[in-house]
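If you want the building blocks of each chain, they are given just below.
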Amino acid sequence: MAFQRSHRLNLLRLVVLLLVALAGIKFLFRDSFTLELHKHVSKDSGFWGDTGDIVQDIIPQSQVLEVPAAKRISLKQKQQVPRDVSATEMRLVHLDLKGAAPRVSYLEQVFPLLSQLGANGVLMEYEDMFPFKGELEILRSPYSYSEEDIERIQQLAEQHKLEVVPLVQTFGHVEFILKHEKYQHLREVERFPNSFNPHVPDTLALLKSILSQVIEKHRRSTWIHIGADEVFHLGEGMDSKNWMSHNKGDVGTMYLKHIKEVLGFLTAQYWGLRVLMWDDMLRKISVGALRGEGTGTAVVAPLEAPQQHPPCVHAGRHQSGIAKHVSPVVWFYAPDFEAEQIVALVARACPAAVPFLTKYVESGFEAVWFASAFKGTTGPAQAWTPLSYHLKNHLSWLKVMQAVPRLAPLRLQGVVLTGWQRYDHYSVLCELLPVSIPSLAICLQTLVNGETPSPALTSTTCHTPWSGGGGRQRRKSFSSLGFGGGFTEEAKRKVLDVLGLESVQLEQSTCEGRGAFPGVEIYHMVEQVNGHLKESILKALEEESAIKGWFSPYHRKRQFGNPRNMESFGSKVLKLHDDWESFIRDLHAQLDRIYFPDTVEEWMEENVNPYLDQLRDLVRDYRAIIRLNGRPKAT
């Protein structure tokens, strides 16, 4: 008995000693880890500049985000240590999900194609397709992605070596938020849901919640894009007018104040996360204001009247503005935009107008991005992508890229190939993604292969031999009227081979061959709708003399018709109707495989029904009236 008590006592002592030893080890490691985190925090958390910088001109101290140290460290622990991407040339394909968001099953097919064509990232503009939770759930579309979908998208991207960059609008283009009654009090102008009122405290609080939920689901991401373009009506609200009056400020100062608040939150909460923003609002703001050198003169001139260049002096690197914490994404989508307004193509001692990139260098920005367009910029209701238009846009950008090295230390970090699906939350759909894949392939490969010297701008068709499987040789061709060597032979071959096409006619925006890319069935079917549906129906209704003479709107209204005359056009009309109805059923089935029901319904309503319904109504009346056997007209 005594031996058993002694044995138990020894075991108890041993357990106590082990617990004490474990507690000591944990204490030592905790202190070491916490110290290392504090080093990181002290290094990068000073958004308003190094210690001692005076920043009260723009934002009162009461408005600067304060986060308890323990919470800040906890959040930074969860943020993945960022990769060194400073030397990586990024090519992001923009997926605008505020309209016609594809099912994840389609992205499973598209992501490998993007990687194969030369992309190494995707810019995901989720808008209402993100699975917001809690109080933000009201922002979700009925067909929004699930949390599992978001994770699957990132897994697919990682599998195909694509960086995922989420885009969250933080100032303008927030219609999907401000359309809700719950958030209408945050509008800059009460009547318009376009832009936030930056003076209402709830605005920043809401943005913090939105950004936090999106970033929490994108822990692998190196960048986040905060939008901030086209802040329509900023300065027109009463709060903004009062602020400008009391602070002797202007719209530019007010804009920067809000952007700094957003960047301050991201810098404090998510160490190492790099930030992008559209640059159009920055173009109107002076170098001094961008460097944070005071208030009152931020906006110096509208875009139509370029700022006059002061005496040519190389500005030092200023860190008290926004340049240390965000990179501007310079966007131009026109086919032949004026490159000189972005960068001086020829070195000049002192140019008359400051190119945007020169201004960004003087403002202290270290990296810049460019944004082109492969679809969605040629009209809000555009259904078919004009290939030559978008290729020319990328050729113009290549000229700009060639001049960037002269602006060192400013470096080009990457290019975003935008693919807009709507002009804004309320507009109709632009071209569907499957319809635009040939354009995307051409534009991506143009960037990958660059521009070669153009000996003849009038060359017609460039033929590239392609060997078939049985020794038989087919010829793949790429019509390049007006482009000369700007679209290289290597790029042409790659596009045709990857997409499984035989030829592409750039000026006609058509492709020949069955194709082998995701959604190619929709590509060909939309081509038929775009080129023949309206034309064939209007021809039948307006040019058929028998219909105009014996089955006019008056006849149909009075249910009055001679079967003999009606039968002269009836078989042709009925066949046209049956053929199109069968075709549209097949198209509907193909769209259902890629898109959610709301997209299919909207696309049909906008592109098919306005024309097919006219034919449907005619056939309905024809069938009803011919059964009446020529009776007197109805009164």
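Up top you'll find the structure we're talking about.
Since this is a predicted model, take the numbers as computed values, not measurements.

Draft legend 1. Representation of the overall build of the chain. Scanning the chain from terminus to terminus reveals 19 helices and twelve strands. The buried share among the 635 residues of the chain stands at 53%. Taking as baseline every contact in the chain between residues at least 6 positions apart, the subset at least 24 positions apart corresponds to 78%. With an accessible surface of roughly 29,600 Å², the chain has 53% of that area assigned to carbon and sulfur atoms.

Draft legend 2. Highlighting helix α8 (residues 251-269). The terminal C-alpha atoms of α8, which comprises 19 residues, lie 28 Å apart, in line with the 27 Å expected from a rise of 1.5 Å per residue. Buried residues dominate α8, accounting for 18 of its 19 residues. At the N-terminal boundary of α8, the capping side chain belongs to aspartate 250, with an oxygen 3.2 Å from the backbone nitrogen of glycine 252.

Draft legend 3. Fine view of helix α17 (residues 563-594). Over its 32 residues, α17 extends 45 Å from the first C-alpha to the last, a length consistent with the 46 Å expected when each residue adds 1.5 Å. Of all the bends found along α17, the most pronounced is centred on phenylalanine 569 and spans about 40°. Where α17 begins, one side-chain oxygen reaches toward the backbone nitrogen of arginine 564, 2.9 Å away; that side chain belongs to asparagine 562.

Draft legend 4. Here's a closer look at the nonpolar core. Core analysis: the largest hydrophobic core is formed by 156 residues, its most contacted members being Tyr145, Tyr255 and Leu357. Residues contacting tyrosine 255, with those up to four places away along its chain left out, are Phe171, Ala228, Val231, Leu234, Met277, Met281, Leu282 and Ile285. Formed by 16 residues, the second largest nonpolar core is a distinct cluster that contains Met90, Trp331, Trp369 and Val416.

Draft legend 5. Broad picture of a negative patch on the surface. Where like charges cluster on the molecular surface, the negative patch consists of Asp598, Glu601, Glu605 and Glu606. Relative to the helices and strands, aspartate 598 resides in helix α18 (residues 597-607).

Draft legend 6. Representation of the pairing of strand β5 (residues 274-278) in the model. β5 sits mainly inside the fold: four of its five residues count as buried. Here strand β4 (residues 223-225) pairs with β5 via three bridges, running parallel. Bridged to isoleucine 224 within β5 is valine 275. In terms of strand pairing, β5 meets strand β6 (residues 327-331) through three bridges, oriented parallel. Considered in β6, the bridge of leucine 276 is made with serine 327.

Draft legend 7. Up close: the pattern of salt bridges. Summed over all chains, the structure comprises 19 salt bridges. Between lysine 492 and glutamate 489 there is a salt bridge, and its shortest N-O distance comes to 3.3 Å. On the criterion of helical spacing, the pair formed by lysine 492 and glutamate 489 is a turn pair, its members being three residues apart in helix α13 (residues 489-499). Given a relative accessible area of 2%, lysine 492 falls into the buried group. Owing to a relative accessible area of 31%, glutamate 489 belongs among the partly exposed residues under this scheme. Several salt bridges share partner residues, and in doing so they unite Arg556, Asp617, Arg620 and Asp621 into one network.

Draft legend 8. Geometry of the packing of α17 against α18. Close contact between α17 and α18 brings their axes to 9 Å; oriented N to C, the two are set at 145°. α17 and α18 meet at a crossing whose hand is right-handed. Residues Ile584, Leu587, His588, Leu591 and Asp592 of α17 form the contact with α18, whose participating residues are Val600, Trp603 and Met604. Residue composition of the contact of α17 with α18, grouped by class: six nonpolar, one polar and one charged.

Draft legend 9. Looking closely at the packing of aromatic side chains. By the definition in use, this model includes 19 aromatic pairs. Here tryptophan 278 and tryptophan 420 contribute two aromatic rings whose centre-to-centre distance is 6.0 Å and whose plane-to-plane angle is 50°, an arrangement assigned as tilted. Of this pair, tryptophan 278 sits in strand β5 while tryptophan 420 sits in the loop between β8 (411-419) and α12 (433-449), and the two are 142 residues apart along the sequence. Assigned by exposure class, tryptophan 278 and tryptophan 420 land together as buried. Members of the aromatic cluster, joined through ring pairs, are Phe332, Phe337, Phe356, Phe370 and Trp397. Between the NZ or CZ atom of arginine 283 and the centre of the ring of tryptophan 331, over which it lies, the distance is 5.2 Å.

Draft legend 10. The arrangement of the side chain of serine 327 in detail. Its place among the elements puts serine 327 in strand β6. In contact with serine 327, not counting residues within four places along its chain, are Val275, Leu276, Met277, Ala367 and Trp369.

Draft legend 11. Layout of the pairing of strand β7 (residues 367-375). Burial runs high along β7: nine of the nine residues are buried. Alignment of β6 against β7, held across three bridges, turns out to be parallel. Paired with valine 330 across the strands is phenylalanine 370, a residue of β7. Taken together, the eight bridges between β7 and β8 define a ladder with parallel strand orientation. In the strand pairing of β8, lysine 375 is matched with glycine 419.

Draft legend 12. Spotlight on the packing of helix α6 (residues 201-216) against α8. Contact geometry of α6 with α8 gives a least axis separation of 11 Å together with a crossing angle of 40°. By the angle between their directions, the pair α6 and α8 is classed as oblique. Note on packing geometry: the crossing formed by α6 with α8 is right-handed. Residues Thr203, Leu204, Leu207, Lys208, Leu211, Ser212 and Ile215 of α6 lie in contact with α8, whose contacting residues are His258, Glu261, Val262, Phe265 and Leu266. Here the residues of the contact of α6 with α8 are counted per class, giving seven nonpolar, three polar and two charged.

Draft legend 13. Representation of the side chain of arginine 187 within the structure. Along the polypeptide, arginine 187 turns up in the loop between α5 (175-178) and α6. Within the buried set, arginine 187 has no salt-bridge partner at all; the shortest N-O distance to an opposite charge, 7.4 Å, is to glutamate 190. Within the structure, arginine 187 has its side chain in polar contact with the backbone oxygen of glutamate 190 (distance 2.9 Å). If we skip the residues at most four places from it in the chain, arginine 187 touches Leu178, Lys179, Phe192, Pro193, Ser195, Phe196 and Asn197.

Rules and cut-offs
- Residues numbered from 1 in each chain as written.
- Predicted model: local features only at pLDDT ≥ 70, side-chain atom pairs only at ≥ 80, totals over all residues.
- Heavy atoms only, no water.
- Helix = DSSP H or I, 4+ residues; strand = E, 2+ residues; numbered from the N terminus.
- Buried < 20%, exposed > 50% of the residue type's maximum accessible area, 1.4 Å probe, protein only.
- Contact = heavy atoms within 4.5 Å.
- Areas by Shrake-Rupley, 256 points an atom, 1.4 Å probe, with all protein chains shown as cover.
- Expected span 1.5 Å × (residues − 1).
- Polar contact = N/O pair within 3.5 Å; in protein donor to acceptor, adjacent residues only side chain to side chain.
- Bend = angle between axes of the 7 residues up to and from the residue.
- Core = buried A, V, L, I, M, F, W, Y, C linked by side-chain atoms within 4.5 Å.
- Patch = residues over 30% accessible without salt bridge, like charges linked within 9 Å, V, L, I, M, F, W, Y side chains within 5 Å.
- Salt bridge = Lys/Arg side-chain N within 4 Å of Asp/Glu carboxyl O.
- Lys, Arg positive; Asp, Glu negative; His and termini not counted.
- Charge placed at Lys NZ, Arg CZ, Asp CG, Glu CD.
- Pairing = 2+ DSSP bridges.
- Axes fitted to C-alpha atoms, helices over the stretch in contact; angles between N-to-C directions.
- Left-handed = near helix turned anticlockwise from the far one by under 90°.
- Nonpolar A, V, L, I, M, F, W, Y, C, P; charged D, E, K, R; others polar.
- Phe/Tyr/Trp six-rings, centres within 6.5 Å; stacked < 30°, edge-to-face > 60°.
- Lys NZ or Arg CZ within 6 Å of the ring centre and 35° of its normal.
- Parallel < 35°, antiparallel > 145°, perpendicular 65-115°, else oblique.

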